[in-house]
Amino acid sequence: MPVPLTIHDVPDETRDELAVRAARAGQSLEQYVRAQLIEVVRRPAPEDLWDRVEHRVGTTGTKLIAEEILGFRGHL
């Protein structure tokens, strides 16, 4: 069940930018921020993603260098 959430001490500039983005998306500020929070949680946390990478490297023995990995990013 959804619960109310209050965030204190948000800088005016941040609130204003969020309001602009919400308006561009045709949403209220509340709808926009809720959707953004849900999207953040859907993505793996950086620590979890790194754990998965380390596990895969340990399992497969992959030895790709950073430049190769970044090169593949454009092909996904």
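Residues numbered from 1 in each chain as written. Predicted model: local features only at pLDDT ≥ 70, side-chain atom pairs only at ≥ 80, totals over all residues. Heavy atoms only, no water.

As annotated in an unreviewed UniProt entry, the protein is Antitoxin FitA-like ribbon-helix-helix domain-containing protein from Geodermatophilus dictyosporus.

(A) Quick look at a nonpolar patch on the surface. Taken together, the side chains of L5, I7, V10 and L37 make up a nonpolar region of the molecular surface, amounting to roughly 370 Å² of accessible area. Among the structural elements, L5 can be located in the segment before α1 (12-24). (Patch = residues over 30% accessible without salt bridge, like charges linked within 9 Å, V, L, I, M, F, W, Y side chains within 5 Å. Areas by Shrake-Rupley, 256 points an atom, 1.4 Å probe, with all protein chains shown as cover. Salt bridge = Lys/Arg side-chain N within 4 Å of Asp/Glu carboxyl O. Helix = DSSP H or I, 4+ residues; strand = E, 2+ residues; numbered from the N terminus.)

(B) Looking closely at unusual backbone geometry. A positive phi angle, close to 60°, is found at D9, a residue other than glycine. Tracing the chain through its elements places D9 in the segment before α1.

(C) Seen up close, the pattern of salt bridges. Inspection of the entire model under this criterion finds four salt bridges. A salt bridge links R21 to E17; the nearest nitrogen and oxygen atoms lie 2.9 Å apart. Residue R21 and its partner E17 are located together in helix α1, separated by four residues, close to a single helical turn. Two residues, E30 and R34, come together in a salt bridge whose shortest N-O distance is 3.1 Å. With E30 and R34 both in helix α2 (residues 29-42) and four residues apart, the pair spans about one turn of that helix. According to the relative accessible area criterion, R34 is partly exposed, its value standing at 41%. (Buried < 20%, exposed > 50% of the residue type's maximum accessible area, 1.4 Å probe, protein only.)

(D) Broad picture of a negative patch on the surface. Taken together, the side chains of E47, D48, D51 and E54 define an acidic patch exposed on the protein surface. Structurally, the position occupied by E54 is in helix α3 (residues 46-60). (Lys, Arg positive; Asp, Glu negative; His and termini not counted. Charge placed at Lys NZ, Arg CZ, Asp CG, Glu CD.)

(E) The arrangement of the packing of α1 against α2 in detail. At their nearest, the axes of α1 and α2 sit 9 Å apart, and the two run at 95° to each other. Put simply, α1 runs roughly perpendicular to α2. Taken together, the residues of α2 that come into contact with α1 (itself represented by R15, L18, A19, R21 and A22) are L29, Y32 and V33. For the contact of α1 with α2, the per-class residue count stands at six nonpolar, no polar and two charged. (Axes fitted to C-alpha atoms, helices over the stretch in contact; angles between N-to-C directions. Parallel < 35°, antiparallel > 145°, perpendicular 65-115°, else oblique. Contact = heavy atoms within 4.5 Å. Nonpolar A, V, L, I, M, F, W, Y, C, P; charged D, E, K, R; others polar.)

(F) Just the UniProt feature "domain: Antitoxin FitA-like ribbon-helix-helix" (unreviewed entry) in the protein, in detail. The sites that UniProt annotates as "domain: Antitoxin FitA-like ribbon-helix-helix" (unreviewed entry) are residues 5-40. Measuring from the first to the last C-alpha atom of residues 5-40 gives 16 Å, for a span that is 69% helix and 0% strand. (UniProt positions renumbered as here; feature names shortened; annotations may be inferred.)

(G) Main features of the environment of L18. Along the chain, the position of L18 falls in helix α1. In this structure L18 comes out as partly exposed when scored by relative accessible area, which is 27%. Sequence separation of L18 and S28 is ten residues, and the distance between their C-alpha atoms is 9.8 Å.

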